[in-house]
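Chain and residue survey
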Amino acid sequence: MITSKNVAEYFLLLSDPDIGDSISNLKLQKLVYYAQGFHLAMYDSPLFDEPIMAWEHGPVVESLYHEYKNFGANGITPPDEIVVTMFSDDQMNLLDEVFEVYGQYSAWKLRNMTHSESPWIRTKKNEEIDQALMKRFFKTQLRNN
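Treat the numbers as computed from the prediction; the structure is a model and nothing was measured.

Moving on: the overall build of the protein. Counting its secondary structure elements, the protein contains seven helices and two strands. Each helix and strand of the protein, ordered N terminal to C terminal, gives the series α-α-β-β-α-α-α-α-α. Radius of gyration (C-alpha) of the protein: 14 Å, near the 15 Å computed for a compact globule of 145 residues. Overall, the C-alpha framework of the protein stretches about 35 × 35 × 25 Å when taken along its three principal axes.

This is the structure:
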């Protein structure tokens, strides 16, 4: 089964810190959230099983937060390589598209975007964002694009 860390590492591998294109923990959390949301909307199933929580600064996978918290607000060092065979072609296409669309934004822009979206708004702080709520919201985003 794919984990949120697998998804995170895929996004980190797509970044290019040498040209200033690095990903902080805050930004990574939002990219992983968008990947999960669009996967739910498109395939009616989660990309990974870990819960996404409604924290003060937006959606967060808690285990992933702790994995990278030592980087603070700095860019996370990308892995040297990852095994991508765990992802289907459809999943890799989805991750590539999420990165292309949302990866261009700063961590704080993504934070503010999630704060204006119903899954985060309708979830009590520090509680799990319901996948059915995410699925409904992201289906509307598919129709709008």
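From this point, things continue past the structure.
In this section: the nonpolar core. In a soluble, globular protein the nonpolar side chains are often hidden away together inside. Among the nonpolar cores identified, the biggest contains 38 residues, and Val7, Phe11, Leu28, Val32 and Tyr34 are the most heavily contacted of them. Breaking this core down by element, the ones donating at least two residues are helix H1 (4-14), helix H2 (25-43), helix H3 (62-68), helix H4 (89-102), helix H5 (107-115) and helix H7 (131-144). Take this core: its biggest share by element is nine residues, from H2. Setting aside chain neighbours within four positions, we find Leu28 in contact with Ala8, Phe11, Leu12, Ile23, Tyr68 and Ile76.

What follows covers the packing of H2 against H4. Where H2 meets H4, the axes come as close as 10 Å, and the angle between the chain directions of the two elements is 130°. One finds that H2 runs oblique with respect to H4. Here H2 and H4 pass one another in a crossing that is right-handed. Along the contact surface, H2 presents Lys27, Leu31, Tyr34, Ala35, Phe38, His39, Met42 and Tyr43, while H4 presents Asp90, Gln91, Leu94, Leu95, Val98, Phe99 and Tyr102. The class makeup of the residues in the contact of H2 with H4 is eleven nonpolar, two polar and two charged.

On the secondary structure map, Met53 appears in strand E1 (residues 53-55). When the C-alpha positions of Met53 and Phe99 are compared, they lie 21 Å apart, and in sequence the two are 46 residues distant. For Met53, the residues in contact, after removing those within four places along its chain, are Gly58, Pro59, Val60, Asn126, Glu127, Glu128 and Ile129.

Here we take up the environment of Ser106. Assignment of secondary structure puts Ser106 in the loop between H4 and H5. Only 3.0 Å separates the side chain of Ser106 from the backbone nitrogen of Lys109, close enough to count as a polar contact.

Analysis parameters
- Residues numbered from 1 in each chain as written.
- Predicted model: local features only at pLDDT ≥ 70, side-chain atom pairs only at ≥ 80, totals over all residues.
- Heavy atoms only, no water.
- Helix = DSSP H or I, 4+ residues; strand = E, 2+ residues; numbered from the N terminus.
- Rg over C-alpha atoms; globule rule 2.2 N^0.38 Å.
- Core = buried A, V, L, I, M, F, W, Y, C linked by side-chain atoms within 4.5 Å.
- Buried < 20%, exposed > 50% of the residue type's maximum accessible area, 1.4 Å probe, protein only.
- Contact = heavy atoms within 4.5 Å.
- Axes fitted to C-alpha atoms, helices over the stretch in contact; angles between N-to-C directions.
- Parallel < 35°, antiparallel > 145°, perpendicular 65-115°, else oblique.
- Left-handed = near helix turned anticlockwise from the far one by under 90°.
- Nonpolar A, V, L, I, M, F, W, Y, C, P; charged D, E, K, R; others polar.
- Polar contact = N/O pair within 3.5 Å; in protein donor to acceptor, adjacent residues only side chain to side chain.

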